[in-house]
Each structure stands twice: as structure tokens, then as C-alpha cells.
Amino acid sequence: MKILNYRQPAAEWNEALPIGNGRFGAMVFGGVSVERFQMNEDSVWSGNFTDRINPDCLTELPHIRQLIRDGEIRRAEQLAMASMVGLPDNERMYEPLADMFLYYHDVDQPVSVQRLRQISCGNMPIPVPEDVSQYHRLLDLQTGVHQSSYDFHGLPHSIVTFASHVDSIIGIRTQGRAYTVHLRRGNHTGRLYAPDMRTIILSGRTGNNGITYVCGVRSIRGSIRCIGATLECQGDNDLLCAAATSHRCADPEKEVLKILSRAENKTFDRLLADHTKSFQAIMQACSLSLPAKDDLDKLPTDERLRRFAHGEDDPRLICDYFQYGRYLLLSSSYPGSLPANLQGLWNQDFNPAWGSKYTININTQMNYWPAEICNLSDMHLPLFEHMKTMLPRGRDAAKRMYGASGWTAHHNTDIWGDCAPQDSYIASTFWCTGAAWLCLHVWEHYRFTMDRKFLSEYYPMMREAADFLLDFITVTGDQVEFSPSLSPENTYVLPSGERGRLCRNAAMDLQIVYELLSAVVQGGRTLDQKTEKYAELLKLLHPVRIGSDGRLMEWDAEYEEAEPGHRHVSHLFCLYPGTQVSPDDQPLLDAAAATLAHRLAHGGGHTGWSRAWIINFYARLLDGDKAMENIRALFSGSTLPNLLDSHPPFQIDGNFGAIAGIAEMLLQSHTGKLRLLPALPQSWPQGEVKGLRARGGYTVDIIWADHRLVNAKITAGSSGTLVLQSGASAPHAAGETLWVDASYQIAKGETAR
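Reading guide: rules and limits
Residues numbered from 1 in each chain as written. Predicted model: local features only at pLDDT ≥ 70, side-chain atom pairs only at ≥ 80, totals over all residues. Heavy atoms only, no water. Helix = DSSP H or I, 4+ residues; strand = E, 2+ residues; numbered from the N terminus. Rg over C-alpha atoms; globule rule 2.2 N^0.38 Å. Buried < 20%, exposed > 50% of the residue type's maximum accessible area, 1.4 Å probe, protein only. Contact = heavy atoms within 4.5 Å. Lys, Arg positive; Asp, Glu negative; His and termini not counted. Charge placed at Lys NZ, Arg CZ, Asp CG, Glu CD. Pairing = 2+ DSSP bridges. Salt bridge = Lys/Arg side-chain N within 4 Å of Asp/Glu carboxyl O. Arc of directions from axis to C-beta. Core = buried A, V, L, I, M, F, W, Y, C linked by side-chain atoms within 4.5 Å. 1 Å grid on protein atoms, 1.4 Å probe; cavity = no way out; pocket = protein on both sides within 12 Å on 5 of 7 lines; lining within 4 Å. Points joined across faces, edges and corners; volume = space filled by probe spheres on them. Nonpolar A, V, L, I, M, F, W, Y, C, P; charged D, E, K, R; others polar. Expected span 1.5 Å × (residues − 1). Axes fitted to C-alpha atoms, helices over the stretch in contact; angles between N-to-C directions. Parallel < 35°, antiparallel > 145°, perpendicular 65-115°, else oblique. Left-handed = near helix turned anticlockwise from the far one by under 90°. Phe/Tyr/Trp six-rings, centres within 6.5 Å; stacked < 30°, edge-to-face > 60°. Lys NZ or Arg CZ within 6 Å of the ring centre and 35° of its normal.

Caption draft 1: View of the overall build of the protein. Along the backbone of the protein there are 20 helices and 33 strands. A globule of 753 residues ought to have a C-alpha radius of gyration of about 27 Å, and the protein, at 26 Å, matches this closely. Its C-alpha atoms give the protein principal-axis dimensions of about 80 × 65 × 50 Å. The buried share of the protein, reckoned over its 753 residues, is 62%. Across the protein, contacts joining residues at least 24 apart in sequence account for 67% of those joining residues at least 6 apart. Across the protein, the centroid of the 71 positively charged side chains sits 4 Å from that of the 86 negatively charged ones.

Laid out in C-alpha cells, this is it:
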């Protein structure tokens, strides 16, 4: 169906439904006494850039490294806390833009303005009056259009809402009841005024004397009166909303009025049609179809989620969830926007969990795991553009903290690309391979698109991240020392009982180094660049080691784990998203499986994003049933009524990681060979997926029945040779169509099917 539907308004934020155009979006509640649109603009952040690099780091770094060598971990960590923590220790936070309320006139007990303020602060639910019937609240994932409709006192009412990246607006069409439009921003003061008799504006600055924001609402159809700084609408009205900040333009108010005027020159129907056409084209490029249960399709989404969590099969819900994840990435990361942050685009809190920043020791990367394989490659571009913002900050951090060339980043960054250490939590603060991991996304984008021009533009950034690693790592003979190192965000126990986080050569760090150096060497061959120094270090690395217990080692020695069920499974980076553990290497595959089983046996996967990562692990282990078990666990333990992921609280990376895992169950290409249906669970005996992407520039459609391949259509985006895991291969030109039959033989052309 590709529609989320509900039979009641959202009682709280976790039940509201998101819309967005990448830069500007809202959570829509579908309220009956009051309709609430909790709005966000992606550049509304507190404060401004501050140079936070600790001046003592470079001086004390050799002492920290020596203490780690000597096994004086506590002293090393104490010195790191004194000399490496940023000053101040925290980056800035992502803030809400505003709330827009439609305050209905005909309810028996109208909601007061004071109560609207309390609602916008998240302190009070929106009341639901009696005498409401035929209520429906829908989000069409294919068109990006939200609609709520109902009868109130026997009279019909409806609201249609969409967020258009074509025209940079949120459009709202109301039919039925009269209402007043209010703009609020919690308890935060701002200027609220009416520049003309059809428009109201809310402007102000974010916390810590930060960014200037402007939000505007204009009525372009219907009977209205502007009273004070509110709009009185008589029922059948078209509203346009726009937002701008000083982060992007010198005069945000002028920009908002320009956006509104430009959109007003179109009809509302034209705005909606242009949005729908653009949105649909992207959403229809990829889809998953599994056998439907008609009786379940008729139920509201939240009821289906409850049934599925209690063991009932609902394959169509998985299809809707897959498309919802694609919808969320399109809506929170579009060319020209900032990257999707810890909550994508949607945040109602002025002090959100973890600052709603870009956490780059997995969470931001997980946001973009589905971008390539799920045919949303252009949605990856905001991340790469933001890396350009980070680059000069990262060079500064590399030089002043470590005396190194190139660039580095620690486990968080923000709108200004801050690369200094964030907070004062030893298990994460001093991790410095964030830039290296982000650069692997550059390489993956190239592998999927085969866009040589893109690689030429970003390859220098990859080399600089590798240059930092060459300077940071100490090589003595054939021994490599990466120090200080840590395994995010875990703790080990020394034989003495002392607990430690800092170490040398944590597995994840070396695995990331291995992946990046490999990418730099391969990219250098493509671009005819010299890469000898990277290849020399690559030969010395042995990042994947099996311990005496048959599991992969997480640290430089076989320490006891303080938390065996930790949410991070960092030493399995080599399995996913890395490529160092292959199905062709059974001992490593078995060790990875044992590592994962041990983590789960001790309570691992208890957060949404961690459970999503596990789905990808089992897909790479070619175990579809285990992957499916973890999809069910994600739905039952970490999915909110609106299908957003819960860490808890809400954190969007689990949505993105999960759909990447679903795609990985159906198609893999990380080894250079296409593996079709590698991890198909028993509960998916038949189905069809269209528009998945594979490395090498391929677009892949797959049909299966009775758990076996029927056929696959593979369209080549560039010239090359298609190689299947079965061993079959075929050279091809760009644009050619190849067909794979049930016996995994390849034929060319449309007539070969």
C-alpha cells in the first residue's frame, strides 16, 4: 500500500508523522481541537563556531602514548582528560524552529493561548473533543502528502499537507472549519509580527546568541483577517510556510518573503502537482513487494505494528517500513540541505538527546548506509558537501592536536564542521577515525555510481584522511602502533580488575585504517595517482584477529569485557560496513558469527540503531532467518507508533540502518561480485524488489518464488564486466540490459528474458 494510516490524531510527538524537503520540515499531528505542525529548519542550531582545541594536547600526547605502552591506563586516561578534552567540551545543538497551530473556533472548550505555549514546550498533550467520527490520518509514502480528514459535529473537515523541495515551502490546504493560525516557539522569546494582512512572521535568535531564524506563514486563498500577529481563516484556505536563517543568507526575512511570493505566483494545485511529480519519481525508483495479507492491510499502521511485534506475520508492513526509510532519507537529506542529523530533520527539544548532532562513530554513517543500495544516491550528496565544511577544521585538529598532516575528526561534528573532541566521556571522546570512516562513504559512492568526476573531486579529501593516519601511526620495524585508540564506546577489564578504555590498536580503528588505505590505493589506480606510501603501511596491518575463544578480538589483547552485551559491536566493522570478512573465508565468517552470538547472548541489540546494525551483520553472514528475527526484535522493542526508530529516545539511524539491512538481505556486491538473494528468510518465500543498486554502477530488479531466483534484470550504468557469485560473467557496455535466469546464467538484451 505504501501508506501509513491511523484512526486517531497523534496524542504526542512520537505519534505524529514527518514531512520534509531536506531543509524544511514538520511533524504533523492531525489534531481536532488544535492542529499542530512542529517545524524544523536544518540550520537552526544554537551558538556559533568556537575554537575548542585544547592547547596542551600536542605537548602531552607522547606521555599519554608512553603510559599506554607501560600499561598505566588510569594515568593515561587522567592525562588525556586534562590535555585532550575540548575547551569548552561540548559542541552546539540542533534546535526546533517553531510550532504552527491551527486553533479551531468551534470546539466547546477552546484551548487557551497559554496552553498552546505549554503544548509547544512538549509539556501537555493536545485534547481531543467528542463528536468526532470517520477519522483518518494518512501519509502517502510515494507522494509525500499527509492528509487528515474527519467529521466534526457531522460536518466534514480535511487538511492536506506537503513539504516541497521544488518550491522550498510547506503547503497546507484546509477545507471545513474556521480557525486561527498561531506561531509559537516554546518559551523562547522572538518577534511576532505581520508584514502584510495575509502574512505573519516569527523571528529571533537561537540559544547562546546563535543563528537568526525567520519563519513565515501566508494565506493565498480563502477569507482571512489579520488580527495582531495571527491569521483568522474561515475554513477553506491555502497556507504557505517558509523559513530561512542567517546561516544561509544575509537577510532571512527578505528570503522568506521572496520564497512565499514566488510560490504564491503558482496555484496551490500547481505547487502540489510539481511536488508530487518530483517526489514520486524518486520514490518509485526502488520498491519491495512481498505477499500481502489483505485482512492486515485494512488495519491502521499502529495496530499492525502491535500485531507484528506479538508474532503475527505481516510482510507488507516490512515493505511499507522499507519504503518509509527511503521516504525519511529523501525528506531529511536532499541536495542543497545539510546532512540528516541524529534525528534526521525532526526535533522538538531545545536540549535534545546528544544535542541531535552528527555523531560520526557510527550514527551519521548509518544514516547513509541505504543511500546507494536503495537508489537514493543524490541524497548522499549533503554529507559530502558537509565534509568540505569539516575539512579545514579537521586539518587544524590534526596539526594542533597531533602534529600531523591531513585531517581528522573525533566522534561528533556540528553545523560548523567542528572536528575537536566532543564531551568528556573517555570511551568515545578521544576516538579520532571519524574523518577516515566518512571518507569511506566517498569511496562507496564512487563504487556504486562509477562517477569518475566525483572521485576526482573528492579523492584529495580521502588522501588527506589517509595522510593523517600515516603521521598518527607509529611504525617500528613491522610493528604498527595506533595510539591512543579505543573501541567505541566500550570498556575492558585488565587482569588486575582495573577498567580501561584507552589502548593501542583497537580492532575497529585498524579496520577503518585498512579500508581507507585500500580505497586510496584503488582510487589512485583509477586516477593514475601515486600510492606507494599507503600500500606500504597497508601491508603491515592485520586488523582482524581471532582470539583463543574463537571470537574476533576487540582490543590489542584478550581482555575481559566490562559489558559483554554492549550496544556497539565495533570489532565487527570488518563484517559490515567493512569488507574484510568475506563469505569466502569460512574461519573469519565463523569467528564473526561467534562474536555476534556472544554479544546477543549478553543482551546486545537493546537500542534501535544497534539492532539495525545486527540485521546487516546477519545479512553479511548469509543468515536470512537470523536477520528476520532481528527485524522483528527491532519492530517490537525499538519502533515508535509512527514507525520512527527509538534508541530510546527517538533516533533516526535505526530506520536507515534497518532498510540497508533489508536491502543487503536481497543483494550484495561488496566483494566485487553480485550475490542475488544472499540472505532470504523462510518467511519471504516469494517476492520482488525493483531498483536496488549494486557496486559497479548496476541497477537490479529481482523476482523470486519458492525461495529461489526466478530472474533478475540488471541494467549497467557503465561499461565493464558483470560477475556473479555463481561464477558467471559477461562484458557489457553502458546502458546494456542483462538477464540472470534461475540457473544463474547471464543473457543480454530485453529479448533474453
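Caption draft 2: Seen up close, the pairing of strand S3 (residues 24–28). Burial analysis of S3 places 5 of its 5 residues in the buried class, which makes it a mostly covered element. Along S3, one buried face is formed by Phe24, Ala26 and Val28 and the opposite face, lined by Gly25 and Met27, is buried too. Judged from the 4 bridges that link them, strand S2 (residues 17–20) and S3 form a sheet pairing that is antiparallel. Considered in S3, the bridge of Ile19 is made with Ala26. Hairpin remark: S2 followed by S3, antiparallel, with 3 residues in the connecting loop; positive phi at Gly22, about 95°. In this structure, S3 lies alongside strand S4 (residues 34–41), joined through 5 bridges in antiparallel fashion. Bridge pairing links Gly25 to Asn40 in S4. The turn linking S3 back onto S4 is made up of 5 residues, and Gly30 within it adopts a positive phi angle of 65°.

Caption draft 3: Broad picture of the pattern of salt bridges. Applying the stated criterion to the full structure yields 44 salt bridges. The salt bridge partner of Arg198 is Glu264, with a shortest N-O separation of 2.6 Å. With a gap of 66 residues between them, Arg198 in the loop between strand S11 (191–196) and strand S12 (199–205) and Glu264 in helix H4 (residues 252–264) connect regions that are remote in the sequence. For Arg198, a relative accessible area of 31% puts it in the partly exposed group. A salt bridge links Arg551 to Asp549; the nearest nitrogen and oxygen atoms lie 2.6 Å apart. Under the relative-accessibility criterion, Asp549 is labelled partly exposed at 45%.

Caption draft 4: Region of the structure containing helix H16 (residues 532–540). Those residues of H16 lying buried are Tyr534, Leu537 and Leu538. Buried positions in H16, seen along its axis, are confined to an arc of 105° and lie on one side of it. More than 90 degrees from the buried face of H16, the exposed residues found are Glu536 and Lys539. Buried residues along H16 sit in contact with helix H14 (452–472), strand S20 (474–476), strand S21 (479–481) and helix H15 (507–527).

Caption draft 5: Region of interest: the nonpolar core. Residues Met39, Val181, Trp684 and Trp704 are the most contacted members of the largest nonpolar core, which totals 229 residues. A total of 11 residues in this core trace back to one element, the largest contributor, which is H14. Counting residues in each nonpolar core, the second largest holds 17 residues, with Val160, Cys249, Val256 and Leu271 among its members.

Caption draft 6: Inspection of the pairing of strand S16 (residues 237–245) at higher detail. S16 sits mainly inside the fold: 9 of its 9 residues count as buried. The side-chain alternation of S16 yields two buried faces, one formed by Asn237, Leu239, Cys241, Ala243 and Thr245 and the other by Asp238, Leu240, Ala242 and Ala244. Sheet topology places strand S13 (residues 212–221) next to S16; 8 bridges connect them, and they run antiparallel. Its bridge partner lying in S16, Arg221 is registered against Asp238.

Caption draft 7: Just the layout of surface pockets, in detail. Here the largest pocket is characterised by a volume of approximately 460 Å³. Every residue lining the largest pocket is counted, 27 residues in all, and those nearest its centre are Glu444, Arg447, Pro577, Thr579 and Arg695. Breaking the lining of the largest pocket down by element, the ones donating at least two residues are helix H10 (369–373), helix H13 (434–449) and H15. Here the lining of the largest pocket gets 7 residues from one element, more than from any other, and that element is H13. Residue classes in the lining of the largest pocket are distributed as 12 nonpolar, 8 polar and 7 charged. Estimates place the volume of the second largest pocket at around 380 Å³.

Caption draft 8: Main features of helix H17 (residues 586–601). Between its first and last C-alpha atoms H17 spans 22 Å; for 16 residues at 1.5 Å apiece the expected length is 22 Å, and the two agree. When H17 is considered as a whole, its buried residues turn out to be Leu588, Leu589, Ala591, Ala592, Thr595, Leu596 and Arg599. The arc enclosing the buried residues of H17, seen along the axis, measures out at 165°, which places them on a common side. Within H17, the exposed residues directed more than 90 degrees away from the buried face are Pro587 and Ala601. Buried residues in H17 make contact with strand S24 (560–561) and helix H18 (608–620).

Caption draft 9: Just the sheet that holds strand S29 (residues 708–716), in detail. Within the open sheet, the 6 strands sit side by side as S17-S27-S28-S29-S32-S33. Their pairing is antiparallel. At either margin of the open sheet sits one strand with a lone partner, and together these are strand S17 (287–289) and strand S33 (746–748). Strand-to-strand, the axes of this sheet are offset by a mean angle of 20°, without reference to chain direction. Here strand S27 (residues 687–694) pairs with strand S28 (residues 698–705) via 6 bridges, running antiparallel. The residue bridging Leu692 from the neighbouring strand is Val700, located in S28. Strands S17, S27 and S28 of the sheet are contacted by helix H20 (residues 653–666), whose axis makes an angle of about 100° with S27.

Caption draft 10: Layout of the environment of Ile652. One can find Ile652 in the loop between helix H19 (624–637) and H20. With 268 residues separating them in the primary sequence, Ile652 and Phe384 have C-alpha atoms 19 Å apart. Here Ile652 is in contact with Leu328, Asn341, Leu342, Gln343, Gly344, Trp346 and Asn367, once residues within four sequence places are set aside.

Caption draft 11: Here's a closer look at the packing of H13 against H15. Running from N to C, H13 and H15 cross one another at 40°; their axes reach a closest spacing of 9 Å. It follows that H13 is oblique to H15 by the angle criterion. Note that H13 runs across H15; the crossing there is left-handed. In contact with Ala436, Trp437, Cys439, Leu440, Trp443 and Tyr446 of H13, H15 contributes Met508, Ile512, Glu515, Leu516, Ala519, Gln522, Gly523 and Thr526. Per-class residue counts for the contact of H13 with H15 are 10 nonpolar, 3 polar and 1 charged.

Caption draft 12: Focus on the packing of aromatic side chains. All told, the structure shown has 27 aromatic pairs when counted by the stated rule. Ring centres of Tyr104 and Tyr179 lie 6.1 Å apart, and the angle between their planes is 80°; on these two criteria the pair is classed as edge-to-face. Of the two residues, Tyr104 sits in strand S5 (residues 98–104) while Tyr179 sits in strand S10 (residues 179–184), which places them 75 residues apart along the sequence. Each member of the pair, Tyr104 as well as Tyr179, is classed as buried. Residues Tyr324 and Tyr327 carry aromatic rings whose centres are separated by 6.1 Å and whose planes lie at 20° to one another, so their mutual orientation is stacked. A residue pair is termed a helical-turn pair when its members lie 3 or 4 positions apart in one helix, as Tyr324 and Tyr327 do in helix H8 (residues 315–332) at 3 residues. Since its relative accessible area comes to 0%, Tyr324 is described here as buried. Accessibility expressed as a relative area gives 1% for Tyr327, which makes it buried. Aromatic ring contacts, followed pair by pair, group Trp369, Tyr576, Trp609, Trp613 and Phe617 into a single cluster. Stacked on the ring of Tyr6, the Lys or Arg Arg137 has its end atom at 4.7 Å from the ring centre.

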